[in-house]
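Structural features, examined
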Amino acid sequence: QVRLVESGGGLMQAGGSLRLSCAASGLIFSISDMGWYRQAPGKQRELVATITSGGSTNYADSVKGRFTISRDNAKNTVFLQMNSLKPEDTGVYYCDAEGVLLRCGKFGPYWGEGTQVTVSS
C-alpha cells in the first residue's frame, strides 16, 4: 500500500514564501515521476510542477520563476518551494507519484489528500 502525505500549507500574505513537502510511504523501490497539482475553488485541478527521478522539471507558466520543485529520491519525498506568492496561488495543493515500483510491479498514479494554501492580498 502506498500513501502520500503533504505538509507545509498555510496562510501567507502576498509576496511571501511557503515550502510544501510530500512523503510517499510503503514498500517502494523507486518512483519515476512526482508532481504537484492545485485546485482553486470552483476550478479544475491543474498542474503546478513535475519532476522525474533524474531531476528533469516541468512548470506551469503561471509559476515559472517563482516556484521550484525538488525531490529526495532516497526518502521518496518531493518539495515545492513557493516564493513571491500571489492571491491566485490559493488552492488545495496535491502531490502525486507515478511509476511507483513495488515488489509486484509498477503502479500509479497515487495522490495525497492535499494541503490548503491561502494567499491574502
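Please refer to the structure placed before this passage.
Residues numbered from 1 in each chain as written. Predicted model: local features only at pLDDT ≥ 70, side-chain atom pairs only at ≥ 80, totals over all residues. Heavy atoms only, no water.

**Section: the packing of aromatic side chains**
- This model, assessed by the stated rule, comprises one aromatic pair.
- Summarising the aromatic geometry, the rings of Tyr37 and Trp111 are spaced 5.1 Å apart at their centres and angled 65° between planes, so their arrangement reads as edge-to-face. Here the residue Tyr37 occupies a position in strand β4 (residues 30-39), and Trp111 occupies one in strand β11 (residues 110-111), the gap between them amounting to 74 residues.
- For Tyr37, a relative accessible area of 15% translates into the label buried.
- A relative accessible area of 36% means that Trp111 is categorised as partly exposed.
- The ring of Phe79 carries the charged tip of Arg19 above its face, separated from the ring centre by 4.4 Å.
- Above the plane of the ring of Tyr94 lies Arg45, whose end atom (NZ or CZ) is 3.7 Å from the centre. (Phe/Tyr/Trp six-rings, centres within 6.5 Å; stacked < 30°, edge-to-face > 60°. Helix = DSSP H or I, 4+ residues; strand = E, 2+ residues; numbered from the N terminus. Buried < 20%, exposed > 50% of the residue type's maximum accessible area, 1.4 Å probe, protein only. Lys NZ or Arg CZ within 6 Å of the ring centre and 35° of its normal.)

**Observations concerning the nonpolar core**
- Trp36, Leu80, Met82 and Tyr93 are the most contacted members of the largest nonpolar core, which has 29 residues in total.
- Counting residues per element, the ones that place at least two in this core are β3 (18-25), β4, β5 (46-52), β7 (67-72), β8 (77-82), β9 (91-102) and β12 (115-120).
- When residues in this core are grouped by element, the largest group, five residues, is from β9. (Core = buried A, V, L, I, M, F, W, Y, C linked by side-chain atoms within 4.5 Å.)

Read these as geometric descriptors, not functional statements.
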